[in-house]
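Now for the letters of each chain:
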Amino acid sequence: MQTIDLEAEGLRHLNATLHAQAENTNQTAWEVLNPRGSHAIACGLDAPIEVTVKGSTGYYCAGMNKQATVNVHGSAGPGVAENMMSGTVVIEGDASQYAGATGHGGTLVIKGNASSRCGISMKGIDIVVHGNVGHMSAFMAQSGNLVVCGDAGDALGDSIYEARLFVRGSVKSLGADCIEKDMRPEHLEILRDLLEKGGCDAKPEEFKRYGSARQLYNFNIDNAY
Amino acid sequence: MCGIVGLFLKDKSLESKLGEMLTDMLITMTDRGPDSAGIAIYGQNSQGTAKLTVQSDASEEAFEGLDARLTDMLGAPVSMSVKDTHAVLEMPADKIESARSALSEMDGNIRVMSMGDIIEIYKGVGLPKDVAARFEIAQMSGSHGIGHTRMATESAVTTMGAHPFNTGSDQCLVHNGSLSNHNSLRRKLRREGVRIDTENDSEVAAAYLTWKMQNGATLGEALEDSLDDLDGFFTFVVGTKDGFGVVRDPIACKPAVMAETDDYVAFGSEYRALVNLPGIENARVWEPEPATVYFWNH
């Protein structure tokens, strides 16, 4: 286990060291001490390493992540795992607004609650939230899965494209063109898998599925150029 | 972008450290607002007195003998303590309005930063650490306080444009965001006789709350109404003589984190502003919900 004290060594040193890890590094386990809400911790990683942050993080933790596993033993500030490509990010506490925004792949697990705009414009990422998500979550979501074990706030899935949204609790309101859909056997299968990946003991049968009604302007072929 | 910090103490034994804790929080928020900064401190006063905190760019001449001049003019004792470009004038509470008009007629371009029984507001252009040091904020004690680091969007970088804004006795407001209907609302409030000194959007929000409260609303009700009448982005933190409130607009894209323990309620634009507070590891930490009014009273 390699340990970096962020307060003593600074953010540039931390991220440069993590970036320097090659595909076949044998230093696979890293621990970051004293994050104290700092920004951009463990951003832009691209190696199969495991980074554990001992405390809460500020803006953009684990942004653009590829391959790496990042565990935050605390809460995460705005934009955690933004534009993630692959790998896994696990937040033990809560996540602030736009968690997993624009993510192309990988898995983001939030064990507490996520704030507003969780999964905004998601493009293939899987997001599993043990608690609730705030308003405008999955806004313009294009692909991937958002699983919410608690409740969803206002305007869930507004202007959604093809992402799947699974919510166990209540949905305060659905956004434009987002509707409840049948939970077919293949969806239960996908959801079972996601719940297992996210370490949730919830049952797939307890969830409802939401997705696009495909009625907005851009879904009408007559509006195509 | 701007930075907000706020601290409302429940444990009286922490009051001597209010300025120190708030200064530390404020400096952490420097990169959210490096152009100017301000702090409101709710401290102590003597029985029956009130305070005017005033500022002048030519403070040496303007404050020379100011207490004696005011004492003469008002026929009541006025004491003064000068801190850099600011001075706190303490006088019998019933003389405060006449003192304010007397000041506006004097030479030296003396501007009123705050008025109230216990509030003192210090603000200025420059890095938060320099502003805090200039006014020795870290040495101040009090029951609650609010600080702001400004990155200007809607009006010039000046002392008058810095937050907090005080538009009614012991009231103050700081703002992160921008309002789009402040010009029409300013005209409306001025027609109603509300005093607004600057072209700053946030001062209009402060004046709006004051106007609502003058018309019988509680601070909580005034904040509720602001959600209907103010158009734009905002996270507000407001202070009154014995209270501390928070509200965010319904979109809530301006950040806000709160922490509460048995000893205090704290506000920060980011969590890192709160990390040095005592017992933060075990505090309840949460983000205030959009369009929801939070309020604490002593």
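Residue numbers restart at each chain and count upward from 1, following the sequence in its written direction. Following the order in which they are written, the chains are lettered starting with A and the ligands numbered starting with 1. A pLDDT threshold of at least 70 governs which residues receive local features in this predicted model, and a stricter bar of 80 or more applies before side-chain atom pairs are shown or counted, although totals over entire chains, interfaces and linings include all residues. Note that the side-chain values use all heavy atoms of the structure and ignore hydrogens as well as water.

Engineer: Teacher, can you tell me more about the domain arrangement of chain B here?
Structural biologist: Interface size is commonly expressed as the accessible area that is lost once the parts come together. Residues and elements named next belong to chain B. You can read the domains of chain B as domain 1 (2-44 + 137-297) and domain 2 (45-117). In this entry, domain limits derive from an automatic or database-based domain assignment. The gap between the C-alpha centroids of domain 1 and domain 2 is 25 Å. Listed as interface residues are twelve residues of domain 1 and, on the opposing side, eleven residues of domain 2. Carbon and sulfur atoms supply 44% of the area buried between domain 1 and domain 2, which totals about 950 Å² over both sides. Together, Gln-44, Met-160 and Asn-166 form the three largest contributors to the area buried by domain 1 at its contact with domain 2, with a combined 45%. For this analysis, a salt bridge means a side-chain nitrogen from Lys or Arg found within 4 Å of a carboxyl oxygen belonging to Asp or Glu. Where domain 1 meets domain 2, there are two salt bridges. One salt bridge in this structure joins Lys-241 and Asp-117, with 2.8 Å as the shortest N-O distance. Throughout this description, a polar contact denotes any pair of N or O atoms lying within 3.5 Å of each other; where both atoms belong to protein, one of them has to be capable of donating a hydrogen while the other can accept it, and for residues adjacent in sequence the pair is counted only when both atoms sit in side chains. Taken together, domain 1 and domain 2 are joined by five residue pairs in polar contact (both at pLDDT 80 or more). Residues are grouped as follows: Ala, Val, Leu, Ile, Met, Phe, Trp, Tyr, Cys and Pro are nonpolar; Asp, Glu, Lys and Arg are charged; all remaining types, including Gly, are polar. Classifying every residue of the side of domain 1 that touches domain 2 gives two nonpolar, six polar and four charged. What makes two residues a contact is simply this: any of their non-hydrogen atoms within 4.5 Å. Buried area adds together the accessible area that both of two parts lose upon being put together, with accessible area traced by a 1.4 Å probe.

Engineer: It is not clear to me how the state of the cysteines should be interpreted in this structure. Could you clarify?
Structural biologist: Among covalent bonds in proteins, the disulfide is the one between the sulfur atoms of two cysteines. Criterion for a disulfide: a pair of cysteine sulfur atoms at a distance within 2.5 Å. Summed over all chains, the structure comprises zero disulfides over all chains. A:Cys200 carries a free sulfur, and the closest cysteine sulfur to it, the one in A:Cys149, is 3.6 Å from it. For A:Cys200, a relative accessible area of 15% puts it in the buried group. No disulfide involves B:Cys253; its nearest neighbouring cysteine sulfur is the one of B:Cys2, lying 13 Å away. The rule is simple: take the accessible area with a 1.4 Å probe, protein chains only, and divide by the maximum for that residue type; under 20% is buried, over 50% is exposed, in between is partly exposed. Of the residues examined, B:Cys253 reaches a relative accessible area of 30% and is grouped as partly exposed.

Engineer: Is there a simple way to think about the interface of chain A and chain B in this case?
Structural biologist: With twelve residues of chain A at the contact, the number on the chain B side is 14 residues. For the pair chain A and chain B, the summed buried surface comes to about 990 Å²; carbon and sulfur atoms form 43% of the total. The largest per-residue losses of area from chain A upon contact with chain B belong to A:Arg36, A:Tyr59 and A:His135, which jointly make up 42% of the total buried on that side. The interface formed by chain A and chain B contains zero salt bridges. Seen at the junction of chain A and chain B, the total is eleven residue pairs in polar contact (both at pLDDT 80 or more).

Engineer: Sorry, what's going on with the side chain of B:Lys123 here?
Structural biologist: Residues and elements named next belong to chain B. A helix here means a DSSP run of H or I that spans at least four residues, while a strand means a run of E at least two residues long, and both kinds are numbered starting from the N terminus. If you trace the backbone, Lys-123 turns up in strand β7 (residues 119-125). In this tally Asp and Glu are treated as negative and Lys and Arg as positive; neither His nor the chain ends contributes. Although Lys-123 is buried, it forms no salt bridge, and the closest oppositely charged side chain is Glu-203 at an N-O distance of 7.6 Å. In terms of polar contacts, Lys-123 uses its side chain to reach the backbone carbonyl oxygen of Ala-162, at 2.8 Å.

Engineer: I'm lost on the environment of A:Cys178 in this one. Help?
Structural biologist: Residues and elements named next belong to chain A. Residue position: Cys-178 is located in strand β10 (residues 178-181). Residue Cys-178 is classed as buried on the basis of its relative accessible area, which comes to 6%. A sequence separation of 35 residues divides Cys-178 from Ala-213, and the C-alpha atoms of the two residues are 5.9 Å apart. In this view, Cys-178 contacts Leu-156, Gly-157, Ile-160, Leu-165, Tyr-210 and Gly-211; residues no more than four positions away in its chain are not counted.

Engineer: Whenever I open this one, unusual backbone geometry confuses me. Can you help?
Structural biologist: What is expected of a backbone is that most residues other than glycine have negative phi and most peptide bonds are trans. Cis rather than trans, the peptide bond between B:His163 and B:Pro164 has omega equal to 0°. Position of B:Pro164 among the secondary structure elements: in the loop between β8 (144-150) and β9 (172-179). Although it is not a glycine, A:Arg117 adopts a positive phi angle of roughly 60°. Tracing the backbone shows A:Arg117 in the loop between β6 (107-110) and β7 (123-129). Taking relative accessible area as the criterion, A:Arg117 reaches 10% and is therefore assigned buried. Notably, B:Ala252 is not glycine yet its phi reads approximately 55°, a positive angle. Looking at the secondary structure, you find B:Ala252 in the loop between β11 (243-248) and β12 (257-260). On the basis of relative accessible area, B:Ala252 is assigned to the buried category, the value being 3%.

Engineer: I keep staring at helix α3 (residues 66-74) of chain B and nothing clicks. Help me out?
Structural biologist: For an α-helix, 3.6 residues make a turn, and residues three or four places apart therefore share a direction. All names here are of chain B. Looking only at α3, the buried set comprises Leu-66, Leu-70 and Leu-74. Buried residues of α3 fall within an arc of 50° about the axis and therefore sit on the same side. Against the buried residues of α3 lie α2 (59-63), β4 (79-83), β5 (86-92) and α4 (96-105). Positioned one or two residues after α3, Gly-75 has a phi angle of 65°, which is positive. Here the arc refers to the directions that run from the helix axis out to each C-beta atom.

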